[in-house]
Amino acid sequence: MTPLRILSIATLFPDVARPNFGLFVERSLRALAAQPGVQLTVVAPVGLPPFPLSLHPRYRALRALPLQEDWNGLTVHRPCFTLVPRLGARLNPAAIARAVLPVVRGHHFDVIDAQFFYPDGPAAMRVASALDLPFSAKARGADISHFGHDAATRAQVLEAADKAAGLLAVSDAMRRDMAAIGIDASKVAVHYTGIDTARFHPGDRSRARATLGIGDAPTILTVGALIARKGQALVIEALPALPGVHYRLAGAGEEEGRYRALAARLGVADRVHVMGSVANADLPQLYRAADVVVMPSVSEGLANAWVEALACGTPIVISDAGGASELVASPMAGRIVDRTPDAIADAVRSILASPPAQADVAASLDGRFDWDRNGRELAEHLRRCAVR
């Protein structure tokens, strides 16, 4: 087989300072690298604020990252670019491209892969132009729902889409969202995420709860950053209508203080448990310990937490966001609900009253989410882009 030399640009990629940062991207690229004939180089640019803010202790670990390393079998370069927090979104693609080009000049590639549509896509477009190469970009969620609509970044999203040799989307719903902002849907292929079924699979709920020190009370769970878009406030507001139900929030973020205050005001603080960031290795037990995973997000592509929960045999209650209907096609998988506390409470009560068998929940995935398939499809897509 003719070798396929791929340069992948991924601004969301784990490192020793942020081991949970973009784990699904790393896993997909490992699956890609395992495909026959693939030669993969990963560039994971690291954003740092302008000097002297970059000297702040919070950035010390990022400044100390090696410029090149072997990361779980992948060759990873980590050049730094100047990141202007909150204000510099429109500047990031050009800054990333300037950081990437000195690293890759003199190396030979057939195609460039951008793991996110923004900022990675417009950055890949610039690098591809400089190196006279085709490129692809993948849409995952906020890179379209936010940056595809923001006046400061929309033009770059559309330009990258127009110039790309091929495009990917994490769900068919995301493909439709891309078309809605003017992207040619005929260029977009749906590329589902994968799941490690050796780790994420059904297990004994009582044993999982004992391992985690969780009691016997009905337990609902959200996995994700504590940010308004994820909708954890709605779940807290549903708790007064769910007496005895405990709510665990696995994640950290800017809304933690507001969520704690809300729980106290509603008199449910003793049933709301903020866990902070949970290591990926601990997530399977946490999913198994929960009766229901509840995630009423404003927007998603196709959330990895949805797939992970179902693979562990735990039904989900989610909003009609992104690829929700592509996962929840039967009551065994859970419910798609309006983003209101009453609708969330009704769905949780329904599942708790008649819980589906874990094996039936896991079977609802129907083998669609597999890392080897993910890697194989990505390699085939990038080969087509290289030919174009």
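Data block above holds the structure.
About the criteria used
Sequence positions are assigned chain by chain, starting from 1 and proceeding in written order. pLDDT decides what is reported in this predicted model: residues at 70 or higher carry local features, side-chain atom pairs at 80 or more are listed and counted, and totals for whole chains, interfaces and linings draw on all residues regardless. No hydrogens and no water enter the side-chain calculation; it runs on all heavy atoms of the structure. One requirement defines pairing of two strands: DSSP has to find at least two bridges between them. Put simply, DSSP marks the helices as runs of H or I at least four residues long and the strands as runs of E at least two long, and each gets a number from the N terminus on. Buried means the residue's accessible area, taken with a 1.4 Å probe over protein chains only, is under 20% of the maximum for its type, while exposed means over 50%, and partly exposed covers the values in between. In what follows, residue pairs with any heavy atoms lying within 4.5 Å of each other are defined as contacts. The convention used is that axes are lines fitted to C-alpha atoms, helices contributing only their stretch in contact, and that angles between N-to-C directions extend from 0 to 180 degrees. Angle categories are assigned with fixed cut-offs, so that under 35 degrees is roughly parallel, over 145 is roughly antiparallel, 65 to 115 is roughly perpendicular, and the rest are oblique. By definition, turning the near helix anticlockwise from the far helix through less than a right angle yields a left-handed crossing, and turning it clockwise yields a right-handed one. Patch membership requires more than 30% relative accessible area and the absence of a salt bridge. Residues of like charge join within 9 Å; the nonpolar side chains Val, Leu, Ile, Met, Phe, Trp and Tyr join within 5 Å. Residue exposure ignores everything except the shown protein chains as possible cover, and the areas themselves are Shrake-Rupley values with a 1.4 Å probe. Here, a salt bridge means any side-chain nitrogen of Lys or Arg that lies within 4 Å of a carboxyl oxygen of Asp or Glu. Pairing of aromatic side chains requires ring centres within 6.5 Å, counting the rings of Phe and Tyr and the six-membered ring of Trp. Pairs whose planes differ by under 30 degrees are stacked, by over 60 edge-to-face, and all others tilted. Two conditions define a charge sitting above a ring: the NZ of Lys or the CZ of Arg must be within 6 Å of the ring centre, and it must be within 35 degrees of the ring normal. Handedness of a crossover is defined as follows: with both strands directed away from the viewer, a clockwise route from the first strand across the helix to the second makes it right-handed. Under the rule applied, a polar contact is a pair of N or O atoms within 3.5 Å (in protein, one hydrogen donor and one hydrogen acceptor; residues adjacent in sequence only if both atoms are side-chain atoms). Remark: nonpolar core denotes a set of buried residues (Ala, Val, Leu, Ile, Met, Phe, Trp, Tyr, Cys) joined through side-chain atoms within 4.5 Å.

Draft legend 1. Summary view of the pairing of strand β5 (residues 74-77). The pairing of strand β2 (residues 38-43) with β5 spans three bridges and is parallel. Its bridge partner being in β5, Val42 is matched across the sheet by Val76. One ladder, built from four bridges, connects strand β4 (residues 68-71) with β5; its direction is antiparallel. Note on β5: the bridge partner recorded for Trp71 is Leu74. Taking the residues between adjacent antiparallel strands as the criterion, β4 and β5 are bridged by two residues, where Asn72 takes a positive phi near 50 degrees.

Draft legend 2. How the structure looks around the environment of Ala160. Looking at where Ala160 falls in the secondary structure, it is placed in helix α6 (residues 154-163). By relative accessible area, which is 0% here, Ala160 ends up buried. When the C-alpha positions of Ala160 and Trp71 are compared, they lie 29 Å apart, and in sequence the two are 89 residues distant. Those residues in contact with Ala160 that sit more than four places away from it in its chain are Gly121, Pro122, Met125 and Phe135.

Draft legend 3. Fine view of the packing of helix α4 (residues 120-131) against α6. Packing of α4 against α6 leaves a shortest axis separation of 9 Å and a crossing angle of 55 degrees. Taken as axis vectors, α4 and α6 run oblique relative to one another. Crossing handedness for the pair α4 and α6: left-handed. Counted together, Gly121, Pro122, Met125 and Arg126 of α4 and Gln156, Val157, Glu159, Ala160 and Lys163 of α6 form the full contact between these two elements.

Draft legend 4. Main features of a nonpolar patch on the surface. Taken together, the side chains of Val84, Leu87 and Leu91 present a nonpolar region at the surface, about 280 Å² in accessible area. Within the secondary structure layout, Leu87 lies in the loop between β6 (80-82) and α3 (92-104). Assessed through its relative accessible area of 72%, Leu87 is described here as exposed.

Draft legend 5. Up close: the packing of aromatic side chains. What the rule picks out here adds up to four aromatic pairs. Aromatic pair Phe24 and Phe116: ring centres 6.5 Å apart, planes at 70 degrees, arrangement edge-to-face. One end of the pair, Phe24, is in helix α1 (residues 23-33); the other, Phe116, is in the loop between β7 (111-114) and α4, and 92 residues separate them in sequence. Exposure remark for Phe24: the relative accessible area of 25% places this residue in the partly exposed category. When its relative accessible area of 11% is taken as the criterion, Phe116 is described as buried. The ring of Trp71 is capped by Arg78, whose NZ or CZ atom sits 5.3 Å from the centre of that ring. For the cation-ring pair, Arg140 lies above Phe116, with the distance from its terminal atom to the ring centre recorded as 5.0 Å.

Draft legend 6. Up close: the pairing of strand β12 (residues 246-250). For β12, the tally of buried residues reaches four of five residues, placing the bulk of the element in the interior. Of the pairings in the sheet, the one linking strand β11 (residues 219-223) to β12 comprises five bridges and is parallel in character. Across the sheet, Ile220 pairs through a bridge with Tyr247, a residue of β12. Since β11 and β12 lie parallel, the crossover through helix α9 (residues 232-238) that links them has a hand, and here it is right-handed. Where β12 meets strand β13 (residues 272-276), four bridges bridge the pair, whose relative direction is parallel. By the bridge assignment, Arg248 is partnered in β13 with His273. Read as a crossover between parallel neighbours, the route from β12 over helix α10 (residues 256-265) to β13 is right-handed.

Draft legend 7. Here's a closer look at helix α12 (residues 304-311). Most of α12 sits inside the fold, with seven of its eight residues counted as buried. Taken residue by residue, α12 has Ala305, Trp306, Val307, Glu308, Ala309, Leu310 and Ala311 as its buried positions. Of the surrounding secondary structure, the elements contacted by the buried residues of α12 are β11, α11 (283-289), β14 (292-295), β15 (316-319), α13 (324-327) and α15 (358-363). Positive backbone phi, approximately 85 degrees, marks Gly313, located one or two places after α12.

Draft legend 8. Structural view of the sheet that holds β13. With parallel pairing, six strands are arranged side by side in an open sheet as β13-β12-β11-β14-β15-β16. The open sheet has two edge strands with one neighbour each: β13 and β16 (334-337). Strand-to-strand twist in this sheet, taken as the mean axis angle between neighbours without regard to direction, amounts to 20 degrees. Bridge count for β11 against β14 is two bridges, and the pairing is parallel. For Leu221, the partnering residue across the bridge sits in β14 and is Val293. Its contacts with the sheet put α12 on β11, β14 and β15, and the angle it makes with β15 is roughly 160 degrees.

Draft legend 9. Region of the structure containing the side chain of Glu69. Mapped onto the secondary structure, Glu69 falls in strand β4. Among the polar contacts listed, one links the side chain of Glu69 to the side chain of Arg78, at a separation of 2.7 Å. Residues in contact with Glu69, not counting those within four places in the same chain, are Leu74, Thr75, Val76 and Arg78.

Draft legend 10. Geometry of the nonpolar core. Ranked by internal contacts, the top residues of the largest apolar core, which has 69 residues, are Phe117, Met178, Ile183 and Tyr287. Ranked by the residues each element gives to this core, the list is headed by α3, at seven residues. Other than its neighbours up to four places away in sequence, Met178 contacts Phe117, Ala139, Ile144, Leu167, Leu168, Ala169, Ile183 and Val188. In this structure, Leu239, Tyr247, Ile344 and Val348 belong to the second largest nonpolar core, which totals 28 residues.

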